[in-house]
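Okay, here's what each chain looks like letter by letter:
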Amino acid sequence: MDEGALPLFGGSDRHVSGVDETFGTAHRVQLDAHSWVEHVPGWLFGADELFRDLLAGADWQQRWRRMYGTRVEEPRLTAEHRDLGDAHEMLRDMARTLTAHYGVTYDRLWINLYRTHRDSTGWHGDGASARRRECVVPVLSLGTPRRFLVRPTTGGPSRTFRPLAGDLIVMGGRCQVDWRHSVPKEVGPSGPRISVNFAASSQFRPD
Ligand SMILES: O=C(O)CCC(=O)C(=O)O
Ligand SMILES: [Fe+2]
């Protein structure tokens, strides 16, 4: 990547990081006529610093989910920013870059922490935050790599993506309705992973 294309965050020596504003490594997988997943390897340069900052400093909360009539703990922690005012400076800059590139105004985010290989996200669509018929949902991976799976809502084989730290996975088109995604538990021990989900209040409302 041409260094000129790298906007640097911060400006002090502490911040040696930035994103590829050209999305030059983006590789789009067309899932069907209406849905796609884009993998952007190495989108964020300097992912370790952001990972450390978020691990230590995000407002991690335990969330609960109702399943079969009982309340169960989600097997991960989550920190939510309903606006970007108090989000990490690098995340605010990223939201601006994603907004310019995908033409969707990313004005909120939530961050997930998978503490070990036993934490996970079950099959779901982002129904509450992506209600338009077509949505674009970017997810940044940090820390230990985990598998990211997608499969048709009606069932069928899944496709596996393997985002590394600093990679973006972007779900587009009718992915949140016609497809489901998950981050499954892993068998072997693994270190923590963080994912940053960029959300847009414009996509919260059905069209
Ligand atoms: O951790 C990920 O990569 C995906 C998380 C996710 O799908 C969600 O929080 O809705
Ligand atoms: Fe999701």
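Worth saying up front: this structure is predicted, and the values here are computed from it rather than measured.

**Considering the overall build of the chain**
(1) Moving on: A tally of helices and strands in the chain yields 4 helices and 14 strands.
(2) Moving on: For the chain, the C-alpha radius of gyration of 16 Å lies close to 17 Å, the compact-globule estimate for 207 residues.
(3) Moving on: Expressed as lengths along the three principal axes of its C-alpha atoms, the size of the chain is roughly 50 × 35 × 30 Å.
(4) Moving on: Looking at the chain as a whole, 33% of its 207 residues qualify as buried.
(5) Moving on: Across the chain, contacts joining residues at least 24 apart in sequence account for 73% of those joining residues at least 6 apart.

**Digging into the site of ligand 1**
(1) Moving on: If you check the shell around ligand 1, you find N112, T121, D126, V139, F148, H181, V183, S195 and N197 and nothing else.
(2) Moving on: Breaking the shell around ligand 1 down by element, the ones donating at least two residues are β13 (179-183) and β14 (193-199).
(3) Moving on: Taken together, the residues of the shell around ligand 1 sort by class into 3 nonpolar, 5 polar and 1 charged.

**As for the nonpolar core**
(1) Moving on: One finds L109, V170 and V196 to be the most contacted residues of the largest nonpolar core, which totals 44 residues.
(2) Moving on: It is helix α2 (residues 89-102) that contributes the most residues to this core, 5 residues altogether.
(3) Moving on: Beyond its immediate sequence surroundings of up to four residues, V196 is in contact with L91, L109, I111, V139 and L140.

**Considering the sheet that holds β13**
(1) Moving on: The sheet built from 4 strands is open, its strands ordered β8-β13-β10-β11 with antiparallel pairing. Strand pairing shows two members of the sheet lacking a second neighbour, β8 (121-124) and β11 (159-161), which therefore form its edges. Each strand of the sheet is rotated relative to its neighbour by a mean of 15°, with strand direction disregarded.
(2) Moving on: As defined by bridge partners, strand β10 (residues 148-152) adjoins β11 across 3 bridges and the pair is classed as antiparallel. Counted as the bridge partner of V150 is R159 from β11.

**Concerning the sheet that holds strand β9 (residues 137-143)**
(1) Moving on: Pairing within the open sheet is antiparallel, and its 8 strands lie in the order β2-β3-β12-β9-β14-β7-β6-β5. Since the sheet does not close on itself, it has two edges, and those belong to β2 (27-30) and β5 (61-67), each with one partner. Strand-to-strand twist of the sheet, defined as the mean angle between neighbouring strand axes without regard to direction, takes the value 25°.
(2) Moving on: Where β9 lies against β14, 5 bridges are found, and the strand directions are antiparallel. Bridge pairing in β14 links G143 to R193.

**Let's talk about unusual backbone geometry**
(1) Moving on: A positive phi is found at F23, a non-glycine position, where the angle reads about 50°.
(2) Moving on: Assessed through the 17 C-beta atoms surrounding it within 10 Å, F23 is described here as partly exposed.
(3) Moving on: Located in the positive-phi region is Y68, a residue other than glycine, with phi close to 50°.
(4) Moving on: Within the secondary structure, Y68 is located in the loop between β5 and β6 (70-81).

**A short note on the environment of D59**
(1) Moving on: Within the secondary structure, D59 sits in the loop between α1 (47-57) and β5.
(2) Moving on: Overall, the presence of 11 C-beta atoms within 10 Å leaves D59 in the exposed class.
(3) Moving on: A C-alpha to C-alpha distance of 26 Å links D59 and T70, two positions 11 residues apart in sequence.

**With respect to α2**
(1) Moving on: Relative to the 20 Å expected for 14 residues at 1.5 Å per residue, α2 spans 20 Å between its end C-alpha atoms, a close match to the ideal helical length.
(2) Moving on: Of all the positions in α2, only M90, L91, M94, A95 and L98 are classed as buried. All buried residues of α2 project into a common sector of 140° when viewed along the axis, lining one side.
(3) Moving on: On its buried face, α2 sits against β1 (18-19), α1, β7 (108-114), β9 and β14.

What counts and what doesn't
Within each chain, residues carry numbers counting from 1 in the order of the written sequence. Each chain gets a letter, beginning with A, and each ligand a number, beginning with 1, in the order they are written. Thresholds applied to this predicted model are a pLDDT of at least 70 for local features of residues and 80 or more for the giving and counting of side-chain atom pairs; totals over whole chains, interfaces and linings are not thresholded and use all residues. By the criteria applied, helices consist of DSSP H or I runs no shorter than four residues and strands consist of E runs no shorter than two, each listed in order from the N terminus. To get the radius of gyration, use the C-alpha atoms; to get the globule rule, take the number of residues to the power 0.38 and multiply by 2.2 Å. Counting other C-beta atoms within 10 Å of its own, a residue is labelled buried from 20 upward, exposed at 12 or fewer, and partly exposed in the gap between, with every C-beta atom placed from the backbone. Note on contacts: residues are paired as contacts if their backbone-placed C-beta atoms lie within 7 Å. The criterion for a residue being near a molecule or strand is simple: its C-beta atom, placed using the backbone, must lie within 6 Å of it. We call Asp, Glu, Lys and Arg charged. Ala, Val, Leu, Ile, Met, Phe, Trp, Tyr, Cys and Pro are nonpolar, and the rest, Gly among them, are polar. Structurally, a nonpolar core is described as a collection of buried Ala, Val, Leu, Ile, Met, Phe, Trp, Tyr and Cys residues joined by way of C-beta atoms within 7 Å. Pairs of strands are assigned from DSSP output, requiring at least two bridges between the strands. Fitted lines through C-alpha atoms serve as axes, helices being fitted only where they are in contact, and the angles separating the N-to-C directions of these axes extend from 0 to 180 degrees. Given a helix with a known number of residues, its expected span is that number minus one, times 1.5 Å. What the arc describes is the spread of directions from the helix axis to the C-beta atoms.

Just geometry here; none of it tells us what the structure is for.
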